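Overview (structure and organization)
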Amino acid sequence: MPGKAGQAPLPPWGNALAGATGAVLANAIVYPLDIVKTRLQVQVKRNPTDPAPLTTNDVHYTSALDAIRKIVDDEGVFGLYSGINGSLIGVASTNFAYFYWYSVVRTLYISSRNLAKPPNSATELSLGAVAGAVAQVFTIPVSVVTTRQQTQPKGDKKGLLDTGREVVNSEDGWTGLWRGLKASLVLVVNPAITYGAYQRLKELFFPGKTHLRPWESFFLGAASKALATIATQPLIVAKVGLQSRPPPAREGKRFKSFIEVMSYIIEHEGPLALFKGIAPQITKGILVQGLLMMTKERMEILFIVLFAYLRRLRSQRLLKAAEAAASKAKELLPLDQAKQALPALIK
């Protein structure tokens, strides 16, 4: 993110690369929590009178720890990393797109308004929402495929490409890769709240600081993500329901909107079920966001130093080329003078 109003220490792609690198590292570390929160969010509590399982997986999890234990018992330790390749590709592409467009949009806004101070909270949220919407349109197919991989039963595990083909070959066709797009566009308020809160908390706790210490970045990232997750958890649960296979009790009938998913959950489990999986969701969010912002700050510094070195190297090369051209010109100058004097000598 820009350090000062109107100034960006990195070009947009450099900012995006720093953000994507931090996101991949952070998500790889806490990926098992992603599996757990997804499994908890797609399952529906089953009553003894229900004629068929209401969830994609026959195994029922009572808590995050119970889910970890049962996944390891049933699928081995690697079961906690099911779909990680697609997930990290999605994380990298989403964060690269988000940070790129956030940097572009924010810099353009500040420069066009000639602002001496950072934008206010409402503007930060709006800029973040615009950047998030643009990023989602291009990256949601990976999210759909990853969610499918994470919720596949043990005997029906498929790779990234095969799962993508399964989505395309379903009744939705190619449009199935964009299932949950509306919910995702609504959910851009999550990163918007996150980064808007990050900017405000940064100004509140560390005013005037361009680069933060690792623990400062972690604290701000964790606090801002916690606020965003609590505010948007029902939409997160609904989005997972849209992108995963429909519960067996619906006999293959897919949900058409996140409102339909939320209504189904409330009908079978009550309103509080819209917050199911919030413990691993918020734990994962806090750790990922804290690690992401901490890593991103370090990566930004690294890239700034790298760009400065490359600029200096380029300047040195240009200087050497100019000196070589000047030396050659001096060598050719006497020859040019001789040519000019030659006609006079001939006469």
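Now for a quick tour of the structure. (Residues numbered from 1 in each chain as written. Predicted model: local features only at pLDDT ≥ 70, side-chain atom pairs only at ≥ 80, totals over all residues. Heavy atoms only, no water.)

Things to note about the pattern of salt bridges
Under the counting rule described, the total for this entry stands at 11 salt bridges. We note a salt bridge from Asp34 to Lys37, for which the minimum N-O separation is 3.6 Å. Linking Asp34 with Lys37, this pair stays in helix H2 (residues 31-42), spanning 3 residues, or about one helical turn. Residue Lys37 is classed as buried on the basis of its relative accessible area, which comes to 9%. We note a salt bridge from Lys276 to Glu269, for which the minimum N-O separation is 3.0 Å. On the accessibility criterion, Lys276 (13% relative accessible area) is buried. Here the salt bridges share partners, and the residues they tie into one network are Asp66, Arg69, Lys70 and Asp73. (Salt bridge = Lys/Arg side-chain N within 4 Å of Asp/Glu carboxyl O. Helix = DSSP H or I, 4+ residues; strand = E, 2+ residues; numbered from the N terminus. Buried < 20%, exposed > 50% of the residue type's maximum accessible area, 1.4 Å probe, protein only.)

Some words on a nonpolar patch on the surface
The grouping of Val137, Phe138, Trp178 and Leu185 at the surface amounts to a nonpolar patch, some 380 Å² of accessible area in total. Looking at the secondary structure, you find Phe138 in helix H5 (residues 121-150). Under the relative-accessibility criterion, Phe138 is labelled exposed at 64%. (Patch = residues over 30% accessible without salt bridge, like charges linked within 9 Å, V, L, I, M, F, W, Y side chains within 5 Å. Areas by Shrake-Rupley, 256 points an atom, 1.4 Å probe, with all protein chains shown as cover.)

Comments concerning helix H3 (residues 64-75)
The terminal C-alpha atoms of H3 lie 16 Å apart, and with 12 residues this matches the ideal 16 Å at 1.5 Å per residue to within 8%. Listed in full, the buried residues belonging to H3 are Asp66, Ala67, Ile71 and Glu75. Within H3, the buried residues cover an arc of 125 degrees as seen down the axis, which keeps them to one side. Of the residues in H3, the exposed ones pointing more than 90 degrees away from the buried face are Leu65 and Asp73. In this structure, the buried side of H3 is in contact with H2. Backbone geometry just after H3 places Gly76 at a positive phi near 85 degrees. (Expected span 1.5 Å × (residues − 1). Arc of directions from axis to C-beta. Contact = heavy atoms within 4.5 Å.)

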